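# Structure at a glance
One letter stands for each residue in the lines below.
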Amino acid sequence: MSIITLTSDIGMQDYLVGAIKGQLWQYCPECHVTDITHHISPFNLPQATYICKSAFSYFPLGTFHFVLINLFDRRPDHVLVAEHNGQYIGCADNGLLTMIAGGMPEKVIKIPLPPDAPKNTFTIIQLLAVVARELSRGRALGELGPLTQQIQVKHNLQPLVGDDFIEGQIIHIDSFENVVVNITRQQFDMQCKNRKFRIFFRRDEVISQISETYADVPEGTKLALFNAAGYLEIAINKGNAAGLFGLQGFRRDQLTQPAGYQQLSYYQTVRIIFQ
């Protein structure tokens, strides 16, 4: 039985998510449909990348991931389906695919939208569902369309790195208002080299150690740890770090400005100084 995951910025306030699942079961009645999240912030590709990369790695080979993020950034005439790490990703041609894959995926095809079909979410779901059905029947991706590399390319936000520092950006704030930063444990270890360090955020807030769990510090105390996905997290034990410290995520307009990174405020960045 095929697995199809859904990730979107649709939210859960109306009928769309239920209708999408109903449509999927019309075309793939044997498939198992599961949600990753429908609460991606609008237009927030860095957040979507973090969520997708962190979740997809836990699914079995052959899983189909439908990523319904920023579908209508421009008037669509096709959707993308990619094969990457033994799984399949279907999404709009808006650069998100290359951010999730960390570059060009292994195989990509474009599925054209019928010229007389409505340019809406249900048309896109129908196209992706048909592709998923055919792939689950054993057809190869290249049989369903010509392989291409002519797609929109965007690069994921990367931390700034120097000899004695690494500076990251807030990419996600979870429901507990824990703050996730785009610094991985691997990047931290490469820069740290067993040196002492101090983590700075919001000008005057400092943390000088990495905890293993929230309970390593007293209730109401700030801490830093690497979460299950391997990313740096700023939190307060049984508290709300983002709200208390006024921390904010990266905004869409900063991605479109030539000097977007330089315009980050101290509410959006976390800097680690090594000594």
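Our structure's up above, just so we're on the same page.
Throughout what follows, the structure given in this document is the object of discussion. Quick caveat: nothing in here was measured; it's all calculated off a predicted structure.

### Observations regarding the overall build of the protein
Looking only at helices and strands, the protein features 7 helices and 14 strands. In the protein, buried positions account for 50% of the 275 residues. Long-range contacts, defined here as pairs at least 24 residues apart, represent 65% of the contacts in the protein between residues at least 6 apart. Roughly 13700 Å² of accessible area belongs to the protein as shown, and the carbon and sulfur atoms make up 50% of that amount. The positive charge centre, built from 23 side chains, and the negative charge centre, built from 25, are 4 Å apart in the protein.

### Section: the pairing of strand β13 (residues 231-236)
When you tally the buried positions in β13, you get 6 out of 6 residues, the bulk of the element. The alternating pattern of β13 places Y231, E233 and A235 on one face and L232, I234 and I236 on the opposite face, and all of these are buried. Bridging between strand β9 (residues 179-184) and β13 involves 4 bridges; their strand directions are antiparallel. Directly across from V181, in β13, lies its bridge partner L232. Pairing between strand β12 (residues 222-226) and β13: 5 bridges, direction antiparallel. When the bridges of β13 are listed, L223 appears paired with A235.

### Quick word on the side chain of Q191
Note on placement: Q191 falls in helix α5 (residues 185-192). Overall, Q191 belongs to the buried group, its relative accessible area being 16%. There is a polar contact of 2.8 Å between the side chain of Q191 and the backbone oxygen of G162. If we ignore the near neighbours within four places in the chain, the residues touching Q191 are V161, G162, D163, F165, I166 and F274.

About the thresholds
- Residues numbered from 1 in each chain as written.
- Predicted model: local features only at pLDDT ≥ 70, side-chain atom pairs only at ≥ 80, totals over all residues.
- Heavy atoms only, no water.
- Helix = DSSP H or I, 4+ residues; strand = E, 2+ residues; numbered from the N terminus.
- Buried < 20%, exposed > 50% of the residue type's maximum accessible area, 1.4 Å probe, protein only.
- Contact = heavy atoms within 4.5 Å.
- Areas by Shrake-Rupley, 256 points an atom, 1.4 Å probe, with all protein chains shown as cover.
- Lys, Arg positive; Asp, Glu negative; His and termini not counted.
- Charge placed at Lys NZ, Arg CZ, Asp CG, Glu CD.
- Pairing = 2+ DSSP bridges.
- Polar contact = N/O pair within 3.5 Å; in protein donor to acceptor, adjacent residues only side chain to side chain.

Everything listed here is a matter of geometry and, on its own, says nothing about what the molecule does.
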